[in-house]
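# Remarks on the overall topology
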Amino acid sequence: MPRASPSLDSDQSAPAVAAELADDLVCALRGWYFTHQRRLPWRDEPSPYRVWVSEIMLQQTQVQTVLPYFERFLAAFPDVAALAAAPEEVVLARWAGLGYYRRARHLHEAARRVMAAHGGRVPTSVEALLALPGIGRYTAGAIASIAYGQRAAVLDGNVARVLSRVFALPDAPASSAGQRRLWALAEALVPAADPSAHNQALMELGALVCTPRAPACSRCPLADRCEALALGTPEAFPRAGRKPVVKPLFAVAALVHRHAGSAEILLGKRPADGLLAGLWELPGAELASPRAHRRKALARALCERADLPAAIGDHLATVEHQFTHRHLRLEIFSATPLDPAPPAPRPAAFYQALAWVAPGAPDGDAPPLSTLTRKVLAAVERA
Ligand code: SF4
């Protein structure tokens, strides 16, 4: 029978409880990690730069998806200096497909600051790391502990789930009370000896064993210390918070060929701020209302945003795409320029740049496309 840990009630501080259990729990975790950890390229060679890039890529993205991107990114930008020296467009092109492009922009900007302010050396302290764009408390703790062996805590979704279950925490992890309690626990548990292995063990346990659904408690090194298991309801933890409101978004876009039979299509580079900033897409626009007239709205968008009067043709495809807080329904139409020999496209009110592009150019030469635009191109290809 699993043996339950002392529970965390309201008058018991997290660090005090952790102190009772820390040695036992930390020891069991580390033992498990040394025999069960996955071999990952950033673990084989945990330089500060490699750990940093991997941690940024792993935010909101699964390990298996990240692996090929990590190898290609490191081949293109093997160190901080190479990344800092690269134009943003090239960095975004190497990131294309990973999504959440703000991460790439911040990483690039942070590399430039590391060159300017730290002589090219990734800072060692959590405080200095936190001053860099795109590095929050979790990433700073991961770099400081994994790359520099400092006694810093990490708290990502995996760690939050494991700790919420082992201690049967009453708060939703995203709530401010939940965050306070989880960080206090995570910090209290980090050992002075090998904090890198401890932090990675917690994350690995959450990824491989203490999964969101059907946790493999029979294989878990913390089973006899886990309060959620003792209660018989591991999946009831972490406690659920309020669901974010997802707003619907309706938009139209045009597939415009340069001329009949041409492989080149018109792409626009989105504004530097906001959704999908700086990425290239089929020109189009959001609809003011779900009932707006699609073809009229698209013809107007091509005139206003791409300075391209065009006749709107067939409906080619509809693509649904989920952003963090928005659900997009994008309808794509063919369009033909009214001028049979259209001039070089000029950026107008919305796009930073416009270009005729043949999709399928080698990765390094192609403008950075968002996952959404790749989905759109695949959909019109099938149409
Ligand atoms: S896998 Fe099961 S026993 Fe282990 S921490 Fe998660 S819920 Fe507890």
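For the structure, check the block above.
This report concerns the structure included in the present document. Since the model is a prediction, treat every value here as computed from it, not as a measurement. (Residues numbered from 1 in each chain as written. Predicted model: local features only at pLDDT ≥ 70, side-chain atom pairs only at ≥ 80, totals over all residues. Heavy atoms only, no water.)

### What about the overall build of the protein chain?
When helices and strands are counted, the protein chain shows 15 helices and seven strands. With respect to the principal axes defined by its C-alpha atoms, the protein chain has extents near 80 × 50 × 30 Å. For the protein chain, buried positions account for 48% of its 383 residues. In the structure as shown, the protein chain presents an accessible area of about 18000 Å², 54% of it carried by carbon and sulfur atoms. Each charge sign in the protein chain was given a centre, from 42 positive and 35 negative side chains, and these centres are 5 Å apart. (Helix = DSSP H or I, 4+ residues; strand = E, 2+ residues; numbered from the N terminus. Buried < 20%, exposed > 50% of the residue type's maximum accessible area, 1.4 Å probe, protein only. Areas by Shrake-Rupley, 256 points an atom, 1.4 Å probe, with all protein chains shown as cover. Lys, Arg positive; Asp, Glu negative; His and termini not counted. Charge placed at Lys NZ, Arg CZ, Asp CG, Glu CD.)

### Some thoughts on the pattern of salt bridges
Counted by the stated rule, this structure contains 15 salt bridges. Arginine 38 is the salt-bridge partner of glutamate 204, the closest N and O atoms lying 2.8 Å from each other. One end of the pair, glutamate 204, is in helix 12 (residues 195-208); the other, arginine 38, is in the loop between helix 1 (14-36) and helix 2 (41-44), and 166 residues separate them in sequence. Among the residues examined, arginine 38 registers a relative accessible area of 23% and is labelled partly exposed. (Salt bridge = Lys/Arg side-chain N within 4 Å of Asp/Glu carboxyl O.)

### A few points about the environment of histidine 325
The topology assignment puts histidine 325 in the loop between strand 5 (310-322) and strand 6 (326-337). For histidine 325, a relative accessible area of 45% puts it in the partly exposed group. A C-alpha to C-alpha distance of 38 Å links histidine 325 and proline 343, two positions 18 residues apart in sequence. Sequence-distant contacts of histidine 325, that is, excluding residues within four places in its chain, are made with Pro244, Val245, Val246 and Lys247. (Contact = heavy atoms within 4.5 Å.)

### A short note on the sheet that holds strand 1 (residues 247-256)
The four strands are arranged 4-1-6-5 in an open sheet whose pairing can be described as mixed. The sheet terminates laterally at strand 4 (284-286) and strand 5, the two strands that pair on one side only. Within the sheet, the average angular offset between the axes of one strand and its neighbour, ignoring direction, is 20 degrees. Where strand 1 meets strand 4, three bridges bridge the pair, whose relative direction is antiparallel. Paired with valine 252 across the bridge in strand 4 is alanine 285. Contacting strand 1, strand 5 and strand 6, helix 15 (residues 371-382) runs over the sheet at an angle of about 125 degrees to strand 5. (Pairing = 2+ DSSP bridges. Axes fitted to C-alpha atoms, helices over the stretch in contact; angles between N-to-C directions.)

### With respect to the site of the ligand
For the ligand, the full set of nearby residues is Arg165, Val166, Val209, Cys210, Pro215, Cys217, Cys220, Ala223, Cys226, Leu229 and Pro234. Partitioned by chemical class, the residues of the shell around the ligand number ten nonpolar, no polar and one charged. (Near = heavy atom within 4 Å. Nonpolar A, V, L, I, M, F, W, Y, C, P; charged D, E, K, R; others polar.)

### Some details on the packing of helix 9 (residues 137-148) against helix 12
Relative orientation of the contacting elements helix 9 and helix 12 amounts to 135 degrees, with a least axis distance of 8 Å. By the angle between their directions, the pair helix 9 and helix 12 is classed as oblique. Touching Tyr138, Ser145 and Ile146 of helix 9 are Pro195, Ser196, Asn199, Gln200 and Met203, all from helix 12. Classifying every residue of the contact of helix 9 with helix 12 gives four nonpolar, four polar and no charged. (Parallel < 35°, antiparallel > 145°, perpendicular 65-115°, else oblique.)

### Describing helix 7 (residues 102-118)
The terminal C-alpha atoms of helix 7 lie 23 Å apart, and with 17 residues this matches the ideal 24 Å at 1.5 Å per residue to within 8%. Of all the residues in helix 7, the buried ones are Arg103, Ala104, Arg105, Leu107, His108, Ala110, Ala111 and Val114. Against the buried residues of helix 7 lie helix 3 (48-58), helix 4 (63-76), helix 5 (80-85) and helix 6 (88-95). Downstream of helix 7 by a residue or two, glycine 119 has a phi angle that is positive, lying close to 60 degrees. (Expected span 1.5 Å × (residues − 1).)

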